[in-house]
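Given next are the chains, with one letter for each unit.
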Amino acid sequence: MTKIKADPDGPEAQAQAEACLGERTYHELLVNLNPIAQPLASRRLTRKLYKCIKKAVKQKQIRRGVKEVQKFINKGEKGIMVLAGDTLPIEVYCHLPVMCEDRNLPYVYIPSKTDLGAAAGSKRPTCVIMVKPHEEYQEAYDECLEEVQALPSPI
């Protein structure tokens, strides 16, 4: 008896490969969102933000984590605030959007803290990142800023 090998390009093999990688689609990530995660970035804007974050990390122009971001907001630093929508408990970072609104800083929620941490070059999940402007990636930053400001503000 011989074993019949599975087709390496078949749909079962692709589904199994995706499951092994742990990659989840944008719509699967939306299931775990908090009720306060508004305004939420679209799939396209989320990808643009990840790219901008990766560029900012190379230039060391990000602030990562609630304590660090809060400290620099209070000092008057400007940038785009990117918050993870699946952070629990909500009380960890629910005060940050209010601080942003008081200081007219743009902020946006994305579906996954794991992906946010990975975009920042970390193995740990991150619930909030502030991306500061820099001339090296100014075009990508301006594009993200424009789209974040165009999102409807929460009521």
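Just above sits the structure.
These numbers were taken from a predicted model, which means no experiment stands behind them.

**Considering the layout of surface pockets**
Move 1: For the largest pocket, the calculated volume is near 460 Å³.
Move 2: If you trace the largest pocket, you find 18 residues lining it, with Glu 23, Arg 24, Leu 29, Tyr 50 and Asp 115 closest to the centre.
Move 3: Those elements that provide at least two residues to the lining of the largest pocket are helix H2 (26-29), helix H3 (43-58) and helix H6 (113-119).
Move 4: Tallying contributions element by element places H3 first for the lining of the largest pocket, with 6 residues.
Move 5: Split into classes, the residues belonging to the lining of the largest pocket amount to 6 nonpolar, 5 polar and 7 charged.
Move 6: Size it by volume and the second largest pocket reaches roughly 180 Å³.
Move 7: Together, 13 residues line the second largest pocket, and Leu 105, Pro 106, Tyr 107, Val 148 and Ser 153 are the ones closest to its centre.
Move 8: Elements represented by at least two residues in the lining of the second largest pocket include exactly helix H5 (96-102) and helix H7 (138-150).
Move 9: Counted by class, the lining of the second largest pocket contains 9 nonpolar, 3 polar and 1 charged residues.

**Some remarks on the sheet that holds strand S4 (residues 128-131)**
Move 1: What the 4 strands build is an open sheet, ordered S1-S4-S2-S3; its pairing is mixed. Where the open sheet ends on each side, the last strands, each with one partner, are strand S1 (62-64) and strand S3 (107-110). Direction aside, neighbouring strands of the sheet carry axes that sit 20° apart on average.
Move 2: Pairing of strand S2 (residues 80-84) with S4 involves 4 bridges; the strand directions are antiparallel.

Criteria and thresholds
- Residues numbered from 1 in each chain as written.
- Predicted model: local features only at pLDDT ≥ 70, side-chain atom pairs only at ≥ 80, totals over all residues.
- Heavy atoms only, no water.
- 1 Å grid on protein atoms, 1.4 Å probe; cavity = no way out; pocket = protein on both sides within 12 Å on 5 of 7 lines; lining within 4 Å.
- Points joined across faces, edges and corners; volume = space filled by probe spheres on them.
- Helix = DSSP H or I, 4+ residues; strand = E, 2+ residues; numbered from the N terminus.
- Nonpolar A, V, L, I, M, F, W, Y, C, P; charged D, E, K, R; others polar.
- Pairing = 2+ DSSP bridges.
- Axes fitted to C-alpha atoms, helices over the stretch in contact; angles between N-to-C directions.

Purely geometric stuff here, so don't read any function into it on its own.
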